[in-house]
Amino acid sequence: MSASPGQVQITLLLTLLLRLTAGQPVISLTGPSQRTTPGNSVPFNCTAGPFSSKDFNVTWLKDSDEHPATTQFQMANDTGRYFVTSKAWVPLTRKEVLSRITCQVAHRDLAEPLQMTLNLSQVLQVIPTLKIRMEHIGARVLAQQRVNLTCLVSGFYPSYLQLTWMENRHTIPTVEQPQVMRNPDGTYSLEHTLQAEATLNGSEFSCWVVQDEQPPILTNITLRAQAPNRGKGRIMTPTSHNVEGPRQRSEPGTSIQLTYTSSGLHTRQLNVTWLKNNHKLPTSKTDILSSGDTYNVTSRVLVPLEYEDLLSLVLCQVKHRSSSIFQKPISLNQFLRVPPTVTVSQSSTASGLVAVTCHVQKFYPQNMYLTWLEDCHVLKGTAQPKSKQNEDGSYTSGSLHLVNVSGQRSERLVTCRVQHQEQPPIQASLVLSTAPHPAHQPFGSPGPETSTLTFVAFLLGMKVMLLVSFTVTYICRSWRL
C-alpha cells in the first residue's frame, strides 16, 4: 500500500531537520495533502539551503521535460546563510499516474545539484467509469433463464474501492470483493459477475461503487425475459401481467404512479382494483384495448407517499367477474427516500479530548456515507458506522470522533457530512473552543438552575443545623445549673 501525501511530507520534513542540524544544504519537495481529480492544477513547493550566497539556479522537470516555475523567493537566516523557495503549479490529467515532478537546485557550494522527486500518483485520484455487460446463451432471454451480469469498473486510482450489487434497490449480499487489475497507464480496473434470473416482470440491477471519500456512483440495467414463440409462423403471446413503478425514489409528501399491464387476455370483462393497506385508492384509471383476438389492459393509480409508508403495501387485484386472475402486493419502501436528520453533540473527556458524536436519524434506504471534517479539511480513513433499523422501518446510525483540544489557541470547526443516495450532502457543524465545555447531559439531568437551588438549600440546611445545635447546648447547660 502506498503512503499517503501527508505521510510522505512528514518523512521529508524529518529528514530535512536532521540534515539542517548538521549544517549541510538540503532540499525538500512537498505537494498538496489531499488527492485531486484530473482537470485541476496542484501546487508543489521546493525549498533548499542553507547556502553561502544567492547564486541559486532552480529547475523543475515533469518527467524528462522542463516545467516552468510559478514563483520564487529567497531569504536569509540569522547567520547570513541563504535559502531559496520555488513553487510550481502542475495540471493533472488521467495520464499522470505514472508521471513524476522533480525539483533541482544548483549552487557553487555543491559538487552536484540537489534533487528531489515526487510521484504525481500520490496527489491524484481518478474516478472510475462503470458499465454492466449482459452475457447469455441464445438470441432471446427466456423466463427462468440464468444470465451473467458483469460490472466493469475501469480506469480508477488509487486501487481501493467498494462494490455493491442491488436488485430493485435492495442490496444483494456478495461473498467477497473482486481483485483489481493494473492497467498499462497505471490505473486499475476490475470486473465482478453476478448470476441473475430473468423473469417476465423484469428487474432492475444496479452496480454501486464507493471510492475513498468520493460520493457513490452507479450504473444499472433492466433484465426482462421474453415470451417464447409458439405455433407455425405466428407468435402466440400468452397472458402476462406486470406491475411497475417509477425508477427514481421520491420523498414523503409526493405522489408516485403505479402501472399494471397485461396482454393476451381473451375477455374484456375485467376489474382492476388498487388497495393501500386494505383501503381502496380512488385515483385509478383502467383502459382495455383489443388486439386481434385478445385484449390488452393498462391500469394506472396515483399513490400519495407518507413517512409511515415504509411499512405500507399496495395490492393490485385483477378479477374476471367474481374470480381472481391476478394479484400482487407492492412494498412502497422500494419507491421511498427519507433523507436523514443530522445533528452533532459534544461531551468532554479526560486528557484534553472532546468526544463529538454525529447522530444520523430516521433515514431510508440504509446505504449512506459519513465523512468527518475539521476546519473544512476531510479526515481520511473514517470508519463507516453500522445502521440500526427502527420499528417504523427507517434506520438510525451514529459516529464518534475524538478531538484533541489541549494547547488549542483558536476555535476549531468540526463537521459531520452525510451522503445519502444521490442527493446533495447533509451536514451539521460544531465549533470547539478552548473554554471548558460542560459534559453532555442527557434529558432530565440537573442543569445550572437545579445546581443553584441545591446550593441554596444546602446553606439553609446548615443554618438550621447550627440553630438546633445552639438550642440543644443552651438547654443542656440550663439543666446542669
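Above this text you will find the structure in question.
Just so it is clear, the structure is predicted and the values come from calculations on it, not from any experiment.

Quick word on the overall build of the protein
For the protein, the helix and strand inventory stands at two helices and 32 strands. By the burial criterion, 39% of the 481 residues in the protein qualify as buried. Pairs at least 24 apart in sequence give 65% of the contacts found in the protein among residues at least 6 apart. Summed over its atoms, the accessible surface of the protein is roughly 28,200 Å², and 54% of this surface lies on carbon and sulfur atoms.

So, the sheet that holds strand 13 (residues 181–182)
With antiparallel pairing, four strands are arranged side by side in an open sheet as 9-10-14-13. Only two strands of the sheet have a single neighbouring strand rather than two, namely strand 9 (129–135) and strand 13. Sheet topology note: the strand 10 (residues 146–156)/strand 14 (residues 188–197) ladder contains nine bridges and is antiparallel. Its bridge partner being in strand 14, Asn148 is matched across the sheet by Gln195.

Quick notes on the packing of aromatic side chains
Under the counting rule described, the total for this entry stands at six aromatic pairs. Relative to Tyr188, the ring of Phe156 lies with its centre 6.4 Å away and its plane at 35 degrees, an arrangement referred to as tilted. With Phe156 in strand 10 and Tyr188 in strand 14, this residue pair connects regions lying 32 residues apart in the sequence. According to the relative accessible area criterion, Phe156 is buried, its value standing at 0%. Among the aromatic side chains, those forming a connected cluster through ring pairs are Phe156, Tyr157 and Tyr188.

What about the nonpolar core?
Grouped together as the largest cluster of nonpolar side chains are 50 residues, with contacts concentrated most on Phe44, Trp60, Val105, Val153, Trp165 and Phe205. If you look at the next biggest cluster of nonpolar residues, it comprises 44 residues, including Leu270, Val360, Phe363 and Met368.

Comments concerning the environment of Ser52
If you trace the backbone, Ser52 turns up in the loop between strand 2 (41–51) and strand 3 (57–62). Assessed through its relative accessible area of 34%, Ser52 is described here as partly exposed. Look past the residues within four positions of Ser52 in its chain and what remains in contact with it is Arg81, Tyr82, His107, Arg108 and Asp109.

Concerning the state of the cysteines
Applying the stated criterion across every chain yields a total of three disulfides. Disulfide pairing places Cys46 opposite Cys103 at an S-S distance of 2.0 Å. An S-S torsion of about -80 degrees defines the bridge between Cys46 and Cys103 as left-handed. Placement of the pair is Cys46 in strand 2 and Cys103 in strand 7 (residues 100–106), with a sequence separation of 57 residues.

Some details on the environment of Gln211
As for its position among the elements, Gln211 is in the loop between strand 15 (203–210) and strand 16 (217–223). Look at Gln211 and you get buried, because its relative accessible area is 3%. Separated by 48 residues in sequence, Gln211 and Leu163 place their C-alpha atoms 9.0 Å apart. At 3.1 Å, the side chain of Gln211 forms a polar contact with the backbone oxygen of Val126.

Quick look at the pattern of salt bridges
Tallied over the full model, the rule gives ten salt bridges. Residue Arg108 is joined to Asp55 by a salt bridge in which the shortest nitrogen-to-oxygen separation is 3.7 Å. A residue pair is termed long-range when its members are at least 10 positions apart, and Arg108 in the loop between strand 7 and strand 8 (114–119) and Asp55 in the loop between strand 2 and strand 3 qualify at 53 residues. One salt-bridge network, in which partners are shared between bridges, spans Arg133, Glu135 and Glu191.

Rules used throughout
- Residues numbered from 1 in each chain as written.
- Predicted model: local features only at pLDDT ≥ 70, side-chain atom pairs only at ≥ 80, totals over all residues.
- Heavy atoms only, no water.
- Helix = DSSP H or I, 4+ residues; strand = E, 2+ residues; numbered from the N terminus.
- Buried < 20%, exposed > 50% of the residue type's maximum accessible area, 1.4 Å probe, protein only.
- Contact = heavy atoms within 4.5 Å.
- Areas by Shrake-Rupley, 256 points an atom, 1.4 Å probe, with all protein chains shown as cover.
- Pairing = 2+ DSSP bridges.
- Phe/Tyr/Trp six-rings, centres within 6.5 Å; stacked < 30°, edge-to-face > 60°.
- Core = buried A, V, L, I, M, F, W, Y, C linked by side-chain atoms within 4.5 Å.
- Disulfide = S-S within 2.5 Å.
- Polar contact = N/O pair within 3.5 Å; in protein donor to acceptor, adjacent residues only side chain to side chain.
- Salt bridge = Lys/Arg side-chain N within 4 Å of Asp/Glu carboxyl O.

So far we have only geometry, and geometry alone does not tell us how the molecule works.
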